[in-house]
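Residue-level listing of the chains:
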Amino acid sequence: MSCGVPRTVKAIGTAELIRLDAEAIAYGFNRNHGAGWLADYAALEAVHYLRPVFVPRAAA
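This text gives an overview of the structure that appears in the document.

Quick notes on the rules
Residues numbered from 1 in each chain as written. Predicted model: local features only at pLDDT ≥ 70, side-chain atom pairs only at ≥ 80, totals over all residues. Heavy atoms only, no water. Salt bridge = Lys/Arg side-chain N within 4 Å of Asp/Glu carboxyl O. Helix = DSSP H or I, 4+ residues; strand = E, 2+ residues; numbered from the N terminus. Buried < 20%, exposed > 50% of the residue type's maximum accessible area, 1.4 Å probe, protein only. Contact = heavy atoms within 4.5 Å. Expected span 1.5 Å × (residues − 1). Arc of directions from axis to C-beta. Phe/Tyr/Trp six-rings, centres within 6.5 Å; stacked < 30°, edge-to-face > 60°.

Overview of the pattern of salt bridges
- Tallied over the entire structure, the rule returns two salt bridges.
- Where Glu16 meets Arg19, a salt bridge forms, and the shortest distance between an N and an O atom there is 2.9 Å. Residue Glu16 and its partner Arg19 are both found in helix α1 (residues 14–26); the two are separated by three residues, about one turn of the helix.
- Between Arg19 and Glu23 there is a salt bridge; the shortest N-O distance is 2.8 Å. Taken as a pair, Arg19 and Glu23 lie in helix α1 at a separation of four residues, close to a single helical turn.
- Look at Arg19 and you get partly exposed, because its relative accessible area is 40%.
- A single network of salt bridges, built from pairs that share partners, joins Glu16, Arg19 and Glu23.

This is the structure:
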């Protein structure tokens, strides 16, 4: 049974992935690594796939 949510939303290059990571850190999203970590470990010529992740939150 399909829920209608796509498995892959977008394919991006490493430069865009690093830019998105820096933007997420700037907005204060919880990151388990510091700025620059992704640039050190992501393959420069790779294609990275963004996928939707739903985080359940308790109602306040």
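Looking at the side chain of Thr14
- Mapped onto the elements of the fold, Thr14 is located in helix α1.
- Given the relative accessible area of 4%, Thr14 is considered buried.
- When neighbours within four sequence positions are excluded, Thr14 is seen to be in contact with Ala42, Ala43, Leu44, Glu45, Ala46 and His48.

As for α1
- If you check α1, its first and last C-alpha atoms are 18 Å apart, about what 13 residues at 1.5 Å a residue would give, namely 18 Å.
- All of the buried residues along α1 are Thr14, Leu17, Asp21 and Ala24. Buried residues in α1, looked at end-on, bunch into an arc of 80°, giving them a common side. Opposite the packed face of α1, turned more than 90 degrees from it, sit the exposed residues Ala15 and Ala26.
- Gly28 lies just past α1 and shows a positive phi near 85°.

Quick notes on the packing of aromatic side chains
- Summed over all chains, the structure comprises one aromatic pair.
- Summarising the aromatic geometry, the rings of Trp37 and Tyr41 are spaced 5.3 Å apart at their centres and angled 40° between planes, so their arrangement reads as tilted. Taken together, the positions of Trp37 and Tyr41, both in helix α2 (residues 37–41) and four residues apart, correspond to about one turn of that helix.

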